Amino acid sequence: KEMTTFTEYVHDDTYSDAVLVVSDQHYPVHRLVVCKHSNYLQRVLRKRKKKRKKDKYDEFDRKVVDITFATEEYNHHFETILRYMYGENVLQGLNGQDCFEECQVLLAVAQQLDMPLLVDLLAEALHVTWKNIVYFLEVVIASLLLVACGMRYW
């Protein structure tokens with residue numbers, strides 16, 4: 001049985017009831033989807049709408065939330081986090097050093113958004129990736145030692 005995803009609704013403002021603003025980028029979202037994954041978004045989207053400067057999203061009576069991340073680099077990874085919330089496998093296709101670096105940044109963003117399931121998933125991916133890196137290094141070192149020892153005996 002396939003998992004139900006809502007990936008076709010990423011960036012689709014049809015039925016969206018909130019807008020997340022990250023570094024001047026507006027993301028129309030569906031509270032039901034994003035709040036399922038993020039305790040932080042549950043808290044901020046549950047609060048009453050504060051007075052804010054009118055913008056084009058106010059005409060649809062959507063709650064607009066500004067999200068400020070610890071670093072500018074995190075802003076660029078929010079898109080990936082959003083796709084994960086809508087059901088996309090964001091780790092698919094990543095491997096080796098790329099996976100390790102991407103997982104580290106995504107983990108920091110997921111921690112800031114208080115996303116326990118994604119934090120666990122990324123921590124496991126980092127652990128597996130780290131174990132693979134260590135195993136690879138052990139194999140390389142062992143191979144070098146065997147070559148070095150073999151050369152002495154010739």
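Look up a bit, the structure's there.
Residues numbered from 1 in each chain as written. Predicted model: local features only at pLDDT ≥ 70, side-chain atom pairs only at ≥ 80, totals over all residues. Heavy atoms only, no water.

**Topic: the pattern of salt bridges**
Spelled out, the test is: One side-chain nitrogen of Lys or Arg within 4 Å of one carboxyl oxygen of Asp or Glu is enough to make a salt bridge. Strands are runs of DSSP state E lasting at least two residues, helices are runs of H or I lasting at least four, and both sets are numbered from the N terminus onward. Note on exposure labels: buried denotes an accessible area under 20% of the residue type's maximum, exposed denotes more than 50%, and partly exposed covers the range between, all computed with a 1.4 Å probe on protein chains only.
Taken as a whole and assessed by the stated rule, the structure comprises two salt bridges. D114 is the salt-bridge partner of R43, the closest N and O atoms lying 3.3 Å from each other. In this pair, R43 sits in helix α2 (residues 39-46) while D114 sits in the loop between α4 (96-112) and α5 (116-152), placing the two residues 71 residues apart along the sequence. Take R43: its relative accessible area is 43%, and that puts it in the partly exposed class. Take D114: its relative accessible area is 28%, and that puts it in the partly exposed class. Taking the shortest distance from any N to any O, the salt bridge between R83 and E88 comes out at 2.9 Å. Looking at R83, the relative accessible area reads 26%, which means it is partly exposed. A relative accessible area of 30% places E88 in the partly exposed class.

**Thoughts on the nonpolar core**
Short version of the rule: The nonpolar core is taken to be a set of buried Ala, Val, Leu, Ile, Met, Phe, Trp, Tyr and Cys residues, with the residues joined through side-chain atoms within 4.5 Å. It only takes one pair of heavy atoms within 4.5 Å for two residues to be counted as in contact.
The biggest cluster of nonpolar side chains holds 40 residues, and the ones touching the most others in it are V34, I67, F78, L82, M85 and L113. With nine residues, the single largest contributor to this core is α4. Not counting chain neighbours up to four residues away, the residues in contact with M85 comprise V33, V34, H37, S38, L41, L113 and M115.

**Some words on the side chain of N75**
Residue placement: N75 occurs in helix α3 (residues 72-85). When near neighbours in sequence (up to four residues on either side) are disregarded, N75 contacts V22, S23 and F69.

**Things to note about the side chain of H37**
Convention followed: In the analysis that follows, any N or O atom pair within 3.5 Å is treated as a polar contact, provided that within protein one partner can donate a hydrogen and the other can accept it, and provided that, for residues neighboring in sequence, both atoms belong to side chains.
Here H37 shows up in helix α1 (residues 31-37). On the basis of relative accessibility, which here comes to 15%, the residue H37 falls in the buried class. Polar contacts involving the side chain of H37 include one to the main-chain carbonyl oxygen of M85, which spans 3.0 Å. The contact partners of H37, leaving out residues within four places of it in the chain, are Y84, M85, D114, M115 and P116.

These figures come from the coordinates and say nothing about function on their own.
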